[in-house]
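# Inside the fold
Read off the chains here:
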Amino acid sequence: MKKWTPLYKDIATSVACIVLVFIISCRYLGGLGWLNGVPVQFTGDASYSYTYAKAVLQSGWNWFTPYLGAPFGFPLIAFPSTLTYETIIMSVLRFTTHDPVTLLNRTWAVCLCLAGFFAYASFRMLGVRRALSFALGTLFAIIPYAFYRNVAHFSLEFSLISLPCALVILTLSNETGALSRQRFACLAFATALLGLGYIYYTFFICFLLAAAIVIAALRGHGRRSILRTLLCLALLLCVTLANLAPTLVHWSSHGKAPNMDYKNPAESELYALRIRDLVLPDQFSPIPPLAAAGKKSAEVPWPISNENTSAKIGTIGAIGFVLALFVLFGAQPRASEGDGMRRNAAAVALLLLLLLSVPGAFGSIFNLFVSADIRAYNRVAPLVGFVSLFMLGSWMDSILPRTGFKAGIAILVAVVFVVFGYFDQDVSARWRNMLGGNAAAADRLRHSIKHLETALPKDSMIFMLPLTGFPPDWDHGPMESYDHAKPTLFSHSLRWSWPQFSLKHESWLNLLGSPSNKLFYERLRQSGFTHVWIDHFGMQGQDAAVAAALQSAGAKPLQTDLPDRYAIYELVPRISTTRNPALLEAVTVDFVSGFYPRETTASGQPYHWARSDAVVVFQNTSKTSLDLNLSFLLQSFWSESSNMTVSLRGQSHHYAFSSASAYVSLPLHLDGLEKIEVHFSTDAKAATLPNENRDLHFGLIDLMLNTDK
């Protein structure tokens, strides 16, 4: 038999790594059921993530789906989470299933396997021996962070970050210039490919590459090495811009959707990386001593605990993290010059990541002066995990024999690592325990929606109550975030109103009025809707008022096989049996400056808190002149009276208001395609509330545009 070349051995080992990652991930998630329609999670962000897969199934890509966001459709491209790389994988896998839950789960499984494959290749490129690279590549793919996030944060899958991280280390060790053309081409391609994923990891790698280039230049590294890394950075930026271009074009043509400005610089502190969370074991670890340590930390009421508690890299990764700190202080085993330089480079890369991501670090400064969109710096965890695992592998490479019979020790160490890591990094017990309930809930909805679709005509439009926000969606009582997504997942022929995600949507909702008014439902019918869906879990005491309005509008409840929390009504036309184009050619309302994201009062009224000076822009999207009535409530935090000046078309209107809201009504004429600004300026004092960093001077409540006389 022909002796294998090292390349064939690497190929075989990388395939073995993929297989092992797949087996472990299935074991973590209770078998193969999660690859066949069982939701890993069926609440919160996971519901939206499955919607993404549904859009790809129905529309073939991830830019737009007409089956959501009725009557205008849901422009997913308006949310800058394009995920082209993941969607390519999803577009291939969609030929294996018609179920969005299955599709997303399978795509995530492929990404986990690819994470192990690329990590193995990266460790080998950095000089770690084959057995250790196999073990560490496997452990990298299944770090606790991956299973904490799972499909709920599908966009945070990290399969592509390994090779760019290796490029950073090679740049800092002055080895990029010495790479063969083939290896450099692989690194350059992998780095560019990262730009087709979620912006977080692209941002982190851009920061590392830029810092590495500066450090390399200051150290007098070779020009070839620096230029090669600069080329990779330029490629990554170009691909990222190309990936974001459809979103930017959409924003330019249609404006940013409401509620996109829901992040603020202070959140970089809330969602920062904490070393304690990074290195301590999980409280649900199956290894009792480790579980005890994790539980001890979990029982302490640490301030600001949120998703940052999921930034864990496992005990083996934590050992590598500590070894990296040793290297920073000059302590490391004797090794060849190349190995020592790579360890030093990895330690510097780790330090750079910490300087970016811990509370009060450079990330918060970036958020303050540049953009608050990158706010969750704990998501740097997989990069830290890769560097830490490489550090451990490099140390072990220097300690363990490389030749002779004793080289088998390396294989034994690799086996020990994998076995220990398999148990240590299993944080999925909670997901396994929920799979049965998730499967039952999903099957119940599948059956109900299938029954509903047999009763309703194809392409019937269903309006969903209560109204919920997007992307931010919370405070709906027992109804959880993105619960409206669940019934849409199993629908094939119906169109649903959730989510409302465009300026045109917002303006149309303003014309509809309040769901407690019968005119709301008559306008829905005129907009083409045939049914109203109600989730009682989110109505928060508004059920009776809405039911009365529906009855007054002539709507009829349907007898369906739905869970008790849901009800559906048929809209029977009373005033008009035809669509009203004026409703669909709505005036767009854009809170361009001074306003904070939309919230909802306990009675269901939409409102925006604002600074002392704020601007709203209204634009007539049709060519027909419109005479409208603009109305809203003004409210401050103080019982004493304050003054508000509302300016439009060169005229100023003055109002007194306080904590008792003041009603304002103004006529508003808009010529075809005309855009006007309305300026608000008040002398009301800012609110003084605990744990409130926003500059809140007044609230603009229930802004309405209507044509009713």
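Residues numbered from 1 in each chain as written. Predicted model: local features only at pLDDT ≥ 70, side-chain atom pairs only at ≥ 80, totals over all residues. Heavy atoms only, no water.

### Re the packing of aromatic side chains
Working definition: an aromatic ring pair is given by the centre-to-centre distance plus the angle between the planes. Tallying each qualifying case throughout the model produces 42 aromatic pairs. Ring geometry for Phe595 versus Phe698: centroids 6.1 Å apart, planes at 80°, classification edge-to-face. Of this pair, Phe595 sits in strand β6 (residues 587-595) while Phe698 sits in strand β14 (residues 698-706), and the two are 103 residues apart along the sequence. When sorted by exposure, Phe595 lands in the same class as Phe698, which is buried. A ring pair is formed by Phe632 and Phe680, whose centres lie 5.6 Å apart and whose planes are at 70°; its orientation type is edge-to-face. Highlighted residues: Phe632 in strand β9 (residues 626-635) and Phe680 in strand β13 (residues 675-682), separated in sequence by 48 residues. Using a relative accessible area of 2% as the deciding quantity, one classes Phe680 as buried. Here the aromatic cluster, defined as three or more aromatic residues joined through ring pairs, consists of Tyr48, Phe74, Phe79, Phe470, Tyr482, Trp498 and Phe501. Here the basic side chain of Lys256 rests over the ring of Trp251, its NZ or CZ set 4.5 Å away from the ring centre. Over the face of the ring belonging to Trp302 we find Arg276, whose NZ or CZ atom lies 3.8 Å from the ring centre. (Phe/Tyr/Trp six-rings, centres within 6.5 Å; stacked < 30°, edge-to-face > 60°. Helix = DSSP H or I, 4+ residues; strand = E, 2+ residues; numbered from the N terminus. Buried < 20%, exposed > 50% of the residue type's maximum accessible area, 1.4 Å probe, protein only. Lys NZ or Arg CZ within 6 Å of the ring centre and 35° of its normal.)

### Here we look at the confidence of the model for the chain
Scored by pLDDT, the chain has a mean of 91; 96% of the residues are at 70 or more. Per-element confidence in the chain is highest for helix α7 (residues 162-172), whose mean pLDDT is 98, and lowest for helix α24 (residues 581-584), whose mean pLDDT is 67. (pLDDT = per-residue confidence, 0-100.)

### Re helix α21 (residues 503-512)
Counting buried positions along α21 gives 9 out of 10 residues, so the element sits mostly inside the fold. Taken together, the buried positions of α21 are occupied by Leu503, His505, Glu506, Ser507, Trp508, Leu509, Asn510, Leu511 and Leu512. A positive backbone phi angle near 90° is found at Gly513, which sits one or two residues after α21.

### Let's talk about the pairing of strand β10 (residues 642-648)
A one-sided burial pattern is seen for β10, the buried positions being Ser642, Met644, Val646 and Leu648 and the unburied ones Asn643, Thr645 and Ser647. Two strands pair when backbone bridges link them, and β10 and strand β11 (residues 651-657) are joined in this way by 7 bridges, in the antiparallel orientation. Note that in β11 the partner of Ser642 across the bridge is Phe657. Pairing of β10 with β13 involves 4 bridges; the strand directions are antiparallel. Looking across to β13, one finds that Met644 is bridged to Thr682. (Pairing = 2+ DSSP bridges.)

### Points about the side chain of Glu674
Structurally, Glu674 can be placed in the loop between β12 (662-670) and β13. What makes Glu674 buried here is its relative accessible area of 18%. A polar atom in the side chain of Glu674 sits 2.8 Å from the backbone nitrogen of Asp671. Among all residues touching Glu674, those that are not within four sequence positions of it are Phe618, Gln619, Asn620, Arg649 and His669. (Polar contact = N/O pair within 3.5 Å; in protein donor to acceptor, adjacent residues only side chain to side chain. Contact = heavy atoms within 4.5 Å.)

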